[in-house]
Amino acid sequence: LRKQLNEAAAVKISVNDLIVKAAARALVDVPELNVTWTEEATITYDQVDVAVAVASEKGLVTPVFRNVAATSLTGLASAIKDAVVRANEGRLQQNEHEGGTLTISNLGMFGVDEFSAIINPPHAAILAVGAAKPQIVVGEDGQPAVATLCTVTLSVDHRAADGAIAAQWLARFREIVENPLQILI
């Protein structure tokens, strides 16, 4: 899908862009994880705002991208690329770090297979994304096949959402990633 999109799109789409968009779609479908925890209450949001961890030249930052579920894939890709450039230049504004309910931390491009990430309060969760690598699997016909697999680890603040909700979100995220056309519709 990414290859086809990049043949047609004016803006190059990265694997991470697809992951962020899939995560936002899963938050729409499992809104119980689109929350933040405060001492007064757990707050549920209608709009899906997602933070993306950026290893900038100035250090790790997590700009928040607004209304990701309603943003086009090319619009999201452009916004993330712009934020990375501005992060490296130290030009991100404080309000760009505020809000959101979920952070995506992707170390796959560094060859990291899997890791655990620390939740950015008051976010409910953080998704740690490892490298996508070809592996031998058993195909639907019972025969060996090659598939590209990626390990993700979801860490959840259980004050905001319990494990059952986290499992529902993760199952939905997996379904979307395994059937990526769902990201576009």
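Keep in mind it's a predicted model, so treat the numbers as computed, not measured. (Residues numbered from 1 in each chain as written. Predicted model: local features only at pLDDT ≥ 70, side-chain atom pairs only at ≥ 80, totals over all residues. Heavy atoms only, no water.)

1. Considering the packing of aromatic side chains
Per the counting criterion, the structure on display carries 1 aromatic pair. Taken together, a centroid distance of 5.2 Å and an interplanar angle of 10° make the contact between W169 and F173 stacked. Here the residue W169 and the residue F173 both occupy positions in helix α4 (residues 163-178), the gap between them amounting to 4 residues, near one helical turn. With a relative accessible area of 5%, F173 lands in the buried category. For R159, the ring lying beneath its charged end belongs to W37, and the centroid distance is 3.9 Å. (Phe/Tyr/Trp six-rings, centres within 6.5 Å; stacked < 30°, edge-to-face > 60°. Helix = DSSP H or I, 4+ residues; strand = E, 2+ residues; numbered from the N terminus. Buried < 20%, exposed > 50% of the residue type's maximum accessible area, 1.4 Å probe, protein only. Lys NZ or Arg CZ within 6 Å of the ring centre and 35° of its normal.)

2. Re a nonpolar patch on the surface
Taken together, the side chains of L181, L184 and I185 define a hydrophobic patch exposed on the protein surface, amounting to about 350 Å² of accessible area. Note on placement: L181 falls in helix α5 (residues 181-184). (Patch = residues over 30% accessible without salt bridge, like charges linked within 9 Å, V, L, I, M, F, W, Y side chains within 5 Å. Areas by Shrake-Rupley, 256 points an atom, 1.4 Å probe, with all protein chains shown as cover. Salt bridge = Lys/Arg side-chain N within 4 Å of Asp/Glu carboxyl O.)

3. Observations regarding the side chain of S56
Here S56 is to be found in strand β4 (residues 54-56). Of note is the side chain of S56, whose polar atom sits 3.1 Å from the backbone nitrogen of K58. Side-chain polar atoms of S56 contact the backbone oxygen of G59, separated by 2.6 Å. If near-sequence neighbours (up to four positions away) are discounted, S56 is found in contact with V61, A87 and N88. (Polar contact = N/O pair within 3.5 Å; in protein donor to acceptor, adjacent residues only side chain to side chain. Contact = heavy atoms within 4.5 Å.)

4. Quick notes on the nonpolar core
One finds L33, I104 and W169 to be the most contacted residues of the largest nonpolar core, which totals 43 residues. Looking at this core, the elements with two or more residues in it are α2 (15-29), β3 (50-52), α3 (73-88), β7 (102-106), β8 (125-138), β9 (144-156) and α4. Per element, the largest residue contribution to this core is 8 residues, and it comes from α2. Once you skip the residues sitting within four places of it in the chain, W169 turns out to touch A23, A26, L27, V30, L33, L102, L127 and L154. (Core = buried A, V, L, I, M, F, W, Y, C linked by side-chain atoms within 4.5 Å.)

5. Here we look at the sheet that holds β7
Here we have 5 strands laid out as an open sheet, ordered β6-β3-β7-β8-β9, and mixed in their pairing. With partners counted over all chains shown, the strands left at the sheet margins are β6 (64-65) and β9, one partner each. Inspection of the sheet shows β7 paired to β8 by 5 bridges, in the parallel sense. Residue pairing in the sheet places I104 in a bridge with L127 of β8. (Pairing = 2+ DSSP bridges.)

6. Section: the pairing of β7
Across the 5 residues that make up β7, a large majority, 5, are buried. Along β7, one buried face is formed by L102, I104 and N106 and the opposite face, lined by T103 and S105, is buried too. In the sheet, β3 pairs with β7 via 3 bridges, with the strands oriented parallel. Within β7, the position partnered with V50 by the bridge is L102.

7. Observations concerning the pattern of salt bridges
With the rule as written, the count across this model stands at 11 salt bridges. For the salt bridge of R172 with D29, the shortest nitrogen-to-oxygen distance reads 2.6 Å. Taken together, the residues R172 in helix α4 and D29 in helix α2 connect sequence positions 143 residues apart. Take D29: its relative accessible area is 33%, and that puts it in the partly exposed class. A salt bridge links R66 to D49, with the nearest nitrogen and oxygen atoms 3.9 Å apart. Highlighted residues: R66 in the loop between β6 and α3 and D49 in the loop between β2 (42-44) and β3, separated in sequence by 17 residues. R66 sits in the partly exposed class, given a relative accessible area of 36%. The structure contains a network of salt bridges with shared partners spanning R25, D29, R172 and E175.

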